[in-house]
Structure formats: structure tokens, C-alpha cells
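Given next are the chains, with one letter for each unit.
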Amino acid sequence: MSAVDFLAKEKIWFDKPRYDEAERRFYEHMNGSPQPTKDAGANTILQDIARARENIQKSLAGSTGSSISSSSADHGELVSRIKSLELENQSLHKVVENLRAALSKLECRVAVLEKSPAAVSPASAPPVPYTNGTAVQQKTSTPAKEEEEEEEDDDDIDLFGSDEDEEADKLKEQRLKEYAEKKAKKPAIIAKSSILLDVKPWDDETDMAKLEECVRSVQADGLLWGTSKLVPVGYGIKKLQIACVVEDDKVGTDMLEEEITKFEDYVSLVQYFC
């Protein structure tokens, strides 16, 4: 066992003050020396204990006084709150009583209205029409009078016509003729379209001037040729792009394509864009 372990298990060093005190008492007893020092020390300790007790009692008395004062203050605040709550409760009771009284009155009125018989309202008269701010009197006729009036109207009908009807028919025919004449005099609206033609030759050796001359040689009523230009296509080949304006009722795109493709020596393809 090492010294460290021995010292760790040994307790004599922790109880050294006790052993020292026992040793001192043993030698004092052996020597027979009086113990005035011990009594003096005991007296001082007793005095200290008494003083400590007095201080504790004083502190306790002060704390109890403060607690009493604080408790009295809390008690007063609690009393005031209770009084305010009682006043508020009384006011709420009054409000509830007023509401109950108003509700009971309302229920009584509703009951009276439900029990009372419905007032017989007089037959509502038909509304009287007004003309320029003046009322127009409506005729109230009995069924017998209405039948008499219908019979009178039937007697007034002329089954064989009258001269007035013939005059009205003549006037109507005359107005229809005048309207037709005015419509015939108005110039008719001519619908026209603008067309852009792409005329492609066979190859790069085609005479484009001659090709354009052939295209422009196509003439028809309602056809008007416009500007033209040569647009390169590729491999030295150029196409003729020419514009024209046509009247839709007289000239069509099929007719133009058919007439231009007749020039087989110069034209290989015709495309149009409206």
C-alpha cells in the first residue's frame, strides 16, 4: 500500500482539533490546574448567545410590525375593491331590470298586434295616368256597355274597303318606286384587290425583259399592272415580281395564272400573294 492511499484512509488528521482538545484536558487534569479561563470563556459565550437572542427577538418584532402594517394596507385596498364591485353590480342589476321591462312591453305589443283582426283594406284603384302633368280620367264601363261599344265598332267596319285604302296603297307604291330609282342612281361599290405576282423563269439564260413584256401583254377589263422588279433567287437566276390591281367581279387569280403560264418558253412557275 502506498503512502498516498494510507493517508487517504487515515482520519486522524481530520479530527486533529478534537485530539488536541482531549490532550489539553488530560494534561490540565493531571496537573490539577484550576479552570477559570474555561469559565470566563463560557461566560463570554453565554453573553454572546444572549445578545444574539435579543437581536433576533428585535428583528422578529420589527418584521411582525411591518407585516402587520402591510397586511392592514392590503386589507384596506381589498375593502375598497369590494365596495367598487358592489356598486358596479348594483348598476348592472338596474340595467338588466330596465331591459327586462322593455322586453315585456314589446312582447305585449306584439301579442296585441297578432290578436287584432287584419284591417280590411279597400280595393286599390287602378293608377291614374298623367299626361303633361294633368290627370286623365279613365272610363269605367260596365260589361253591358263594353258589349254595346264592341257592336258599334263591328258596325263601323267596312268589309268592301274604301277609297282611303286605295289612296294609301297608291302612295305606298309611288314611294317604293322613288326609292328604287334613287338606289339605282347610286354608283355601285366596286371591290378591288391588290395582288403581287412572282413569275419564275426556267433558267438564268431566260430574257427577263421579254418575260416582263409577255406578262404585261395580258390585258383584261378590270386589270391594271403596277410596278415590277427583279429579285435574285439563287445560282444566277432572278424572278420577276410584279404588282397589279384587279376588280374582284371581273378578274380572278386563276385567270391571271392561266394567261401568264401560256408563255411556256419564258415562264416556269407563277405564284401570287394577295
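This text goes with the structure placed above it.
What you see is a predicted model, and the numbers here were worked out from it, not measured in a lab.

*Asks:* Explanation requested: the side chain of E247 in the structure shown.
*Replies:* Inspection of the secondary structure assignment puts E247 in strand β5 (residues 237–247). On the accessibility criterion, E247 (15% relative accessible area) is buried.

*Asks:* For this particular structure, what's the right way to read empty space enclosed by the protein?
*Replies:* Rolled over the atoms, a probe sized like a water molecule indicates the empty space that remains. Tallied over the entire structure, the rule returns one cavity of 30 Å³ or more. What the largest cavity holds in volume is close to 30 Å³. If you go around the largest cavity, the residues you meet are I195, L197, T253, L256, E257, I260, V270 and Y272. Where the lining of the largest cavity is concerned, the elements lending two or more residues are β3 (192–201), α7 (253–260) and β6 (267–273).

*Asks:* What exactly am I supposed to notice about a negative patch on the surface here?
*Replies:* A cluster of like negative charges, contributed by E164, D165, E166, E167, D169 and E173, occupies part of the molecular surface. Within the secondary structure layout, E173 lies in helix α5 (residues 163–185). Assessed through its relative accessible area of 49%, E173 is described here as partly exposed.

*Asks:* When you look at the pairing of β5 in this model, what are you seeing that I'm missing?
*Replies:* The side chains of a regular strand alternate, residue by residue, between the two faces of the sheet. As paired strands, β3 and β5 are joined by eight bridges and run antiparallel to one another. Bridge pairing links L197 to I242 in β5. Of the pairings in the sheet, the one linking strand β4 (residues 223–234) to β5 comprises nine bridges and is antiparallel in character. By the bridge assignment for β5, L223 is matched with V246. Where β4 hands over to β5, the hairpin turn is made up of two residues, of which Y235 adopts a positive phi near 60°.

*Asks:* How should I be thinking about the sheet that holds β4 in this particular structure?
*Replies:* Where strands meet in a sheet, backbone hydrogen bonds hold them as pairs that are either parallel or antiparallel. As summarised here, the arrangement of the four strands in space is β4-β5-β3-β6, forming an open sheet in which the pairing is antiparallel. Each edge of the open sheet is held by one strand with a lone partner, namely β4 and β6. Averaged over all adjacent pairs, the angle separating strand axes in this sheet is 25°, with direction ignored. Against the sheet, helix α6 (residues 208–216) touches β3, β4, β5 and β6, its axis set at about 15° to β5.

*Asks:* Any chance you could explain the pattern of salt bridges here in plain terms?
*Replies:* Note on pairing: side chains with opposite charge can pair once their charged atoms come close. The final tally for this structure, using the stated rule, is nine salt bridges. A salt bridge links E77 to R81; the nearest nitrogen and oxygen atoms lie 3.0 Å apart. Of the two residues, E77 and R81 both sit in helix α3 (residues 36–115), four residues apart, roughly one turn of that helix. Here E77 falls in the partly exposed class, since its relative accessible area comes to 40%. Between R216 and E212 there is a salt bridge, and its shortest N-O distance comes to 3.2 Å. In this pair, R216 and E212 both sit in helix α6, four residues apart, roughly one turn of the helix.

*Asks:* Explain α6 here, please?
*Replies:* Each full turn of the α-helix corresponds to 3.6 residues, which orients residues three or four apart in the same direction. Residues of α6 that are buried include every one of M208, L211, C214 and V215, and no others. The arc that holds the buried residues of α6, viewed along the axis, is 115°, so those residues lie on one side. Residues of α6 that are exposed and angled more than 90 degrees away from the buried face: A209 and E213. Buried-residue contacts for α6 involve β3, β4, β5, α7 and β6. N-cap assignment for α6: the residue whose side-chain oxygen lies 3.3 Å from the backbone N of A209 is D207.

Basis of the calculations
- Residues numbered from 1 in each chain as written.
- Predicted model: local features only at pLDDT ≥ 70, side-chain atom pairs only at ≥ 80, totals over all residues.
- Heavy atoms only, no water.
- Helix = DSSP H or I, 4+ residues; strand = E, 2+ residues; numbered from the N terminus.
- Buried < 20%, exposed > 50% of the residue type's maximum accessible area, 1.4 Å probe, protein only.
- 1 Å grid on protein atoms, 1.4 Å probe; cavity = no way out; pocket = protein on both sides within 12 Å on 5 of 7 lines; lining within 4 Å.
- Points joined across faces, edges and corners; volume = space filled by probe spheres on them.
- Patch = residues over 30% accessible without salt bridge, like charges linked within 9 Å, V, L, I, M, F, W, Y side chains within 5 Å.
- Areas by Shrake-Rupley, 256 points an atom, 1.4 Å probe, with all protein chains shown as cover.
- Salt bridge = Lys/Arg side-chain N within 4 Å of Asp/Glu carboxyl O.
- Lys, Arg positive; Asp, Glu negative; His and termini not counted.
- Charge placed at Lys NZ, Arg CZ, Asp CG, Glu CD.
- Pairing = 2+ DSSP bridges.
- Axes fitted to C-alpha atoms, helices over the stretch in contact; angles between N-to-C directions.
- Contact = heavy atoms within 4.5 Å.
- Arc of directions from axis to C-beta.
- Polar contact = N/O pair within 3.5 Å; in protein donor to acceptor, adjacent residues only side chain to side chain.

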